Amino acid sequence: MIVVTAAGGQTGTAVVRALRARDLPVRAVVGRRGPRPQLESLGAEVVVAELTQPAAWADVLAGAGALYLIWPNFDPDEAEGATALFGEARRAGVGRVVYHSVLRPQARAMPHHGAKDRAEQALDTAGVAWRVLQPCAYAQNLDEEVRRAADTGVLRSRWGLRTAQSLVDLADVAEAAAVLLTEDGLDGGTFEVAGPEPLTAPRLAELVGAAAGRDVVADDVVPAGEVPVSYPARCARLMLDHYRSHGFTGSPRVATALLGRLPRTYADHLADLLGAG
Ligand SMILES: NC(=O)c1ccc[n+]([C@@H]2O[C@H](COP(=O)([O-])OP(=O)(O)OC[C@H]3O[C@@H](n4cnc5c(N)ncnc54)[C@H](OP(=O)(O)O)[C@@H]3O)[C@@H](O)[C@H]2O)c1
């Protein structure tokens, strides 16, 4: 049995899908009660548990061979909460913990990266067998803007026009997660999952234009005002500011080794996203 947290979110559902495609039993943990048709149709056992109440996790983790720990995005409780759950996994005798981190967690100008860095540090002394997955930004992050750009001919970039991101397809991230959850010989390893090419906004506009059959240009939309105070908004803004100054790129070599093939290109993703329409 593999336990996946934050399973109702985009990442969790993608990981559940990749595991169920391998016919593995999955306990999908969600935060709130209510119907979960997507997870149930994948054949997962759906359970409700609050991430910030680790004592309640003994039952959730009972009999689990592995835990895939995803923490919700831009959440101030991540470092302490993830650390507490690593302890619960050890107490429950979970054989393997895989932590869903981020590419370059040490980039502490982004608080949510710093939180993941501290959680990774805690793994070292947690007393469990662990692996870490460090994904770059997902290709899917831009889907809404891309659909809009296909209609309007303008792709708005809030990270400027000069720097690039190595966008990675979430399906590849989930495949890599399934490898870390199931294959031997990877304990204590930290694995980056980046897409195959660094993509600037003008290059993305070119690709969207080719897929949509029209001209698309990139437009620089500079975030206005001071950096917000609330944690999620602050993280989002500091992330965009960091991407604008430094980009967010990585090497596809590790993902290629994990997947046994090159990661999907952004053009592959666009063919799925815009192809049907
Ligand atoms: N987007 C990217 O490009 C990217 C790249 C690298 C890493 N990441 C990381 O991936 C992780 C997952 O992101 P995501 O967008 O998939 O997740 P998300 O949408 O932020 O959250 C996923 C789920 O977490 C559950 N949740 C929220 N608070 C909870 C709580 N207190 N207790 C239990 N469950 C709770 C919610 O479940 P319910 O549905 O039950 O409310 C939600 O559906 C984040 O840590 C993010 O930093 C993202």
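All values derive from a computational prediction rather than experimental measurement.

**Here we look at the site of the ligand**
Logical step 1: Near the ligand there are 23 residues, and of these Gly8, Gly9, Thr11, Gly31 and Asn73 occur at the shortest range.
Logical step 2: For the shell around the ligand, the class distribution of residues is ten nonpolar, eleven polar and two charged.

**Description of the environment of Leu85**
Logical step 1: Take Leu85: it is sitting in helix α4 (residues 78–92).
Logical step 2: The exposure class of Leu85 is buried, given the 27 C-beta atoms found within 10 Å.
Logical step 3: Each C-alpha atom of the pair Leu85 and Val97 lies 9.9 Å from the other, and the pair is twelve residues apart in sequence.

**A look at the nonpolar core**
Logical step 1: One finds Val4, Ala28, Leu67, Tyr68, Val97, Ala177 and Val208 to be the most contacted residues of the largest nonpolar core, which totals 87 residues.
Logical step 2: Here this core gets eight residues from one element, more than from any other, and that element is helix α7 (residues 170–182).
Logical step 3: If we skip the residues at most four places from it in the chain, Val97 touches Leu67, Leu69, Phe86, Ala89, Val128 and Trp130.

**Describing unusual backbone geometry**
Logical step 1: Even without being glycine, Asp23 reaches a positive phi, approximately 65 degrees.
Logical step 2: The topology assignment puts Asp23 in the loop between α1 (10–21) and β2 (26–30).
Logical step 3: For Asp23, a count of 7 C-beta atoms within 10 Å corresponds to the exposed category.
Logical step 4: Positioned with a positive phi, Phe74 is a non-glycine residue whose angle comes to about 50 degrees.
Logical step 5: Turning to its location among the elements, Phe74 is positioned in the loop between β4 (66–69) and α4.
Logical step 6: Taking the C-beta count within 10 Å as the criterion, Phe74 has 18 such neighbours and is therefore assigned partly exposed.

**Section: the packing of α1 against α7**
Logical step 1: For the pair α1 and α7, the least separation of the axes is 8 Å and the interaxial angle reads 60 degrees. Of the possible angle classes, the one that applies to α1 and α7 is oblique. Note that α1 runs across α7; the crossing there is right-handed. Residues Gln10, Thr11, Ala14, Val15, Arg17, Ala18 and Leu19 of α1 lie in contact with α7, whose contacting residues are Leu170, Ala171, Val173, Ala174, Glu175, Ala177, Ala178 and Leu181.

**Quick notes on the packing of α4 against helix α5 (residues 111–123)**
Describing two packed helices takes the angle between their axes plus the distance from one axis to the other.
Logical step 1: As a packed pair, α4 and α5 sit with axes 8 Å apart at the nearest point and diverge in direction by 25 degrees. By the criterion of interaxial angle, the relationship of α4 to α5 is roughly parallel. Handedness of the crossing formed by α4 with α5: right-handed. Together, Glu78, Ala79, Ala82, Thr83 and Phe86 of α4 and Ala115, Lys116, Arg118, Ala119, Ala122 and Leu123 of α5 make up the contact between the two elements.

**Quick look at the sheet that holds β4**
Logical step 1: The sheet built from seven strands is open, its strands ordered β3-β2-β1-β4-β5-β6-β9 with parallel pairing. Only two strands of the sheet have a single neighbouring strand rather than two, namely β3 (45–48) and β9 (190–193). Mean inter-strand twist for the sheet, computed between neighbouring axes without regard to direction, equals 20 degrees.
Logical step 2: Relative to β2, strand β1 (residues 2–4) is paired through three bridges, and the arrangement is parallel. The residue bridging Val4 from the neighbouring strand is Ala28, located in β2.

Quick notes on the rules
- Residues numbered from 1 in each chain as written.
- Predicted model: local features only at pLDDT ≥ 70, side-chain atom pairs only at ≥ 80, totals over all residues.
- Near = placed C-beta within 6 Å.
- Nonpolar A, V, L, I, M, F, W, Y, C, P; charged D, E, K, R; others polar.
- Helix = DSSP H or I, 4+ residues; strand = E, 2+ residues; numbered from the N terminus.
- Buried ≥ 20, exposed ≤ 12 C-beta atoms within 10 Å, placed from the backbone.
- Core = buried A, V, L, I, M, F, W, Y, C linked by C-beta atoms within 7 Å.
- Contact = placed C-beta atoms within 7 Å.
- Axes fitted to C-alpha atoms, helices over the stretch in contact; angles between N-to-C directions.
- Parallel < 35°, antiparallel > 145°, perpendicular 65-115°, else oblique.
- Left-handed = near helix turned anticlockwise from the far one by under 90°.
- Pairing = 2+ DSSP bridges.

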